[in-house]
Amino acid sequence: MALRDVLLSIAQTPHRLRRRALVTWTPAQELNEVRDRSGARMKRRLEWYDLVGLGVGGMLGAGVFVTTGRVARDTAGPAVFASYVIAGVSALLSSLCYAEFSVRVPVAGGAFSYLRVTFGEFVGFFGGANILMEYVMSNAAVARSFTDYLASTFGVTEPNAWRIVVAGIAEGYNALDVPAVALIVLITVCLCYSTKESSMLNMVLTVFHLLFFAFIIVAGLWNGSARNLVRPHGLAPYGVRGILDGAAIVCFSYIGYDSASTMAEEIRDPARALPVGIAGSVLVVSALYCLMSVALCVMLPYTEITETAPFSSAFREKVGWRWASSVVVAGASLGIVASLLVAMLGQARYLCVIARARLVPSWLAKVHPSTGTPMNATIFLGFCTASLALFTELQIVFEMISIGTLLVFYLVANALIYHRYVKVGVNRPLHVLLFLLLLTLSSLGFSLSRKIDGWCRWGMALFGAISIAITTIFHCTARQDIAGPPSEWSVPLMPWPAAASVFLNVFLITTLKMRSYQRFGIWSLVIIVFYVCYGVHSTYSAEENDVNAMIHHPNLDIS
């Protein structure tokens, strides 16, 4: 591109932002015109049971083996199971929103596509880039924890025994994790080969993983003591605040159901399979997470729980079952592999659809004609995940995880309400936008009042009542039928589930530590700069090319 063209594009940036930032696509365009930009189409080879397996496999292992020990010891105490309940309820409400959108727009873009057809290109890109960041960072964290469990299988308890510590690199980034990189490379190769075969591998791993879960729950409860739930400082030694802070941390454990929604383009019967697979897997996993966390906390007091490989350590040190410790680490390793498999499956499809929208280089959107997989996106994100897993310690990664996930869940819940109650050209969106604004502000007031001394009780009661009141008024006055006929499956009792999802996600976001906001702010700035400098110009130029193509080929049908 000539320097003159570059300077012209820079000068036109404000105009192009006005033209592109709020432009929306219809579900029909997403399903046809946009999807065709990948060349070959993804193959519809998955059934509903594949989706359930992917949902369960994607969530099991990531959270309970990576975060439970840390949250129980340092954040929530034995009441960590309550943190999982709160995060599970939030995830279930969000999963219902995802399920309806995935039926209405059955493409691989997940939250990116749902937000783009509702709020426009910029909001879609902002949400999609955030969820991609969450995927890459959580996958890196899970891969590094795999090294801990693999080392523990061979009786090695030193945290960095299987990592290469390099002098001269900043602390926190100097323990090179080669086994984690090897695992990511192996999974990347599998995902490039075939989605169906990857699903079958996940199904086998998930079945074995469920058996390990059952063993850990039964053996842990059998050998534990209920007194450990209240020793040494009670069931909730860090108080309600600790339980809520723990819920915000463990919520990233549920990101796997979002991966399931990205499989919509490869499901034979999306309307039937997606609601069952997405919401059903969240319910199953929530129950297992709660039971696993209780089993861990009854085996030993929370102050004695180790950060790395807590379950295997509990069996080895407290119960005295060294053979059981080996079984546990083997099961945890399988669960981590299954979780990584599904998460990396989902992240590639996110990037593929963002590339279809031309917000990132279009070569990332290409689907391989023989395998039917987004090979370029899979390899690129596999490289990013492996690079992060090689250098970065878990604690640093954990500080970034969750806020992006919660923000995207919040945006999707808002988008579903807007999509249900607004129809362009029929009614104005002001009524709905005002409700969403007031709901967000009242949720924020409820959350912040908990942090201000003297405001806690009456502030939470006041803002909680306001949230319920404005949702009731909206429910009674809004015309839900204005948005057209419902899809084959829709969330019942609207707008209450979506409004509750908005409320809970705002609440959980406010419990995160300041460092999470700082790093999230930096990442958000990177997203905005990238969109202004590349994304908006790329999509604007592509739009002009499409218009010119239609002018020169007036009989061309792109629908």
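As a reminder, the structure under discussion sits directly above these lines.
Rules used throughout
- Residues numbered from 1 in each chain as written.
- Predicted model: local features only at pLDDT ≥ 70, side-chain atom pairs only at ≥ 80, totals over all residues.
- Heavy atoms only, no water.
- Helix = DSSP H or I, 4+ residues; strand = E, 2+ residues; numbered from the N terminus.
- Buried < 20%, exposed > 50% of the residue type's maximum accessible area, 1.4 Å probe, protein only.
- Salt bridge = Lys/Arg side-chain N within 4 Å of Asp/Glu carboxyl O.
- Polar contact = N/O pair within 3.5 Å; in protein donor to acceptor, adjacent residues only side chain to side chain.
- Contact = heavy atoms within 4.5 Å.
- Core = buried A, V, L, I, M, F, W, Y, C linked by side-chain atoms within 4.5 Å.
- Axes fitted to C-alpha atoms, helices over the stretch in contact; angles between N-to-C directions.
- Parallel < 35°, antiparallel > 145°, perpendicular 65-115°, else oblique.
- Left-handed = near helix turned anticlockwise from the far one by under 90°.
- Nonpolar A, V, L, I, M, F, W, Y, C, P; charged D, E, K, R; others polar.
- Phe/Tyr/Trp six-rings, centres within 6.5 Å; stacked < 30°, edge-to-face > 60°.
- Expected span 1.5 Å × (residues − 1).
- Patch = residues over 30% accessible without salt bridge, like charges linked within 9 Å, V, L, I, M, F, W, Y side chains within 5 Å.
- Areas by Shrake-Rupley, 256 points an atom, 1.4 Å probe, with all protein chains shown as cover.

## Brief notes about the overall build of the chain
Part 1 of the argument: What the chain contains, in helices and strands, is 22 helices and 2 strands.
Part 2 of the argument: Counting all 559 residues of the chain, 58% fall into the buried class.

## Points about the pattern of salt bridges
Part 1 of the argument: The final tally for this structure, using the stated rule, is 4 salt bridges.
Part 2 of the argument: Here R104 and E100 are joined by a salt bridge, their closest N and O atoms 3.0 Å apart. One end of the pair, R104, and the other, E100, are both in helix 6 (residues 80-104), 4 residues apart, so they sit about a helical turn from each other. There is no split in this pair, since R104 and E100 are both buried.
Part 3 of the argument: With a closest N to O distance of 2.8 Å, E100 and R420 form a salt bridge. Residue E100 is located in helix 6, and its partner R420 is located in helix 18 (residues 403-421); the two are separated by 320 residues in the primary sequence.
Part 4 of the argument: The exposure class assigned to R420 is buried, which follows from its relative accessible area of 4%.
Part 5 of the argument: Bridged by salt links that share partners, the residues E100, R104 and R420 form one connected network.

## Overview of the side chain of T147
Part 1 of the argument: Mapping T147 onto the fold places it in helix 8 (residues 121-153).
Part 2 of the argument: Within polar-contact distance, the side chain of T147 engages the side chain of D177 at 2.6 Å.
Part 3 of the argument: With sequence-adjacent residues up to four places away left out, T147 is seen in contact with W162, R163, D177, P179 and A180.

## A few points about the nonpolar core
Part 1 of the argument: Counting 146 residues, the largest nonpolar core has F65, Y98, Y254, Y257, F311 and I417 as the members making the most contacts within it.
Part 2 of the argument: Looking at which element gives the most residues to this core, the answer is helix 15 (residues 322-356), with 20 residues.
Part 3 of the argument: Sequence-distant contacts of Y254, that is, excluding residues within four places in its chain, are made with M59, Y84, A87, G88, A91, V282, S286 and Y289.
Part 4 of the argument: Grouped together as the second largest cluster of nonpolar side chains are 5 residues, L244, F446, F503 and F507 included.

## Regarding the packing of helix 6 against helix 21 (residues 496-509)
Part 1 of the argument: Contact pair helix 6 / helix 21: the axes reach a minimum separation of 9 Å and the direction vectors enclose 135°. The orientation of helix 6 with respect to helix 21, classified from their angle, is oblique. Viewed along their axes, helix 6 and helix 21 form a crossing whose handedness is left-handed. Residue-level inspection shows I86, V89, S90, L93, S94 and C97 of helix 6 in contact with helix 21, the latter providing P497, A498, A500, S501, L504, N505 and L508.
Part 2 of the argument: Residue composition of the contact of helix 6 with helix 21, by class: 9 nonpolar, 4 polar and no charged.

## As for the packing of aromatic side chains
Any aromatic ring pair is given by two values, namely how distant the centres are and how the planes are angled relative to each other.
Part 1 of the argument: Summed over all chains, the structure comprises 16 aromatic pairs.
Part 2 of the argument: Ring plane angle 50° and centroid distance 5.8 Å describe the contact between Y135 and Y350, whose orientation is recorded as tilted. Placement of the pair is Y135 in helix 8 and Y350 in helix 15, with a sequence separation of 215 residues.
Part 3 of the argument: Overall, the relative accessible area of 0% leaves Y135 in the buried class.
Part 4 of the argument: Taken together, F122, F125, F126, F530, Y531 and Y534 form an aromatic cluster joined through their ring pairs.

## Description of the environment of L441
Part 1 of the argument: Here L441 lies in helix 19 (residues 430-449).
Part 2 of the argument: Along the primary structure L441 and I466 are separated by 25 residues, whereas in three dimensions their C-alpha atoms are 9.8 Å apart.

## A look at unusual backbone geometry
Part 1 of the argument: A cis amide bond links M494 with the next residue in sequence, P495, at an omega value of 10°.
Part 2 of the argument: Mapped onto the elements, P495 comes out in the loop between helix 20 (456-477) and helix 21.
Part 3 of the argument: Phi at L493 takes a positive value of approximately 60°, unusual for a residue other than glycine.
Part 4 of the argument: Position of L493 among the secondary structure elements: in the loop between helix 20 and helix 21.

## Remarks on the packing of helix 18 against helix 19
Part 1 of the argument: Contact geometry for helix 18 and helix 19: axes closest at 10 Å, N-to-C directions at 150°. Put simply, helix 18 runs roughly antiparallel to helix 19. In the crossing of helix 18 with helix 19, the sense of the turn from one axis to the other is right-handed. Together, Y410, N414, I417, Y418 and Y421 of helix 18 and V432, L433, F435, L436 and T440 of helix 19 make up the contact between the two elements.
Part 2 of the argument: Here the contact of helix 18 with helix 19 is composed, by residue class, of 8 nonpolar, 2 polar and no charged.

## What about helix 11 (residues 239-250)?
Part 1 of the argument: Taking 1.5 Å of rise per residue, the 12 residues of helix 11 would be expected to cover 16 Å, and the 17 Å separating its terminal C-alpha atoms lies within 8% of that figure.
Part 2 of the argument: G242, I243, L244, D245, G246, A247, A248 and V250 are the residues of helix 11 that are buried.
Part 3 of the argument: Turning to helix 11, the residues buried within the fold contact helix 5 (68-76), helix 6 and helix 21.

## Re a nonpolar patch on the surface
Part 1 of the argument: A grouping of L434, L437, L438, L441, L444 and L448 is seen on the molecular surface, where their side chains present a nonpolar patch of about 490 Å² in accessible area.
Part 2 of the argument: With respect to the element layout, L437 can be found in helix 19.
Part 3 of the argument: Under the relative-accessibility criterion, L437 is labelled partly exposed at 47%.

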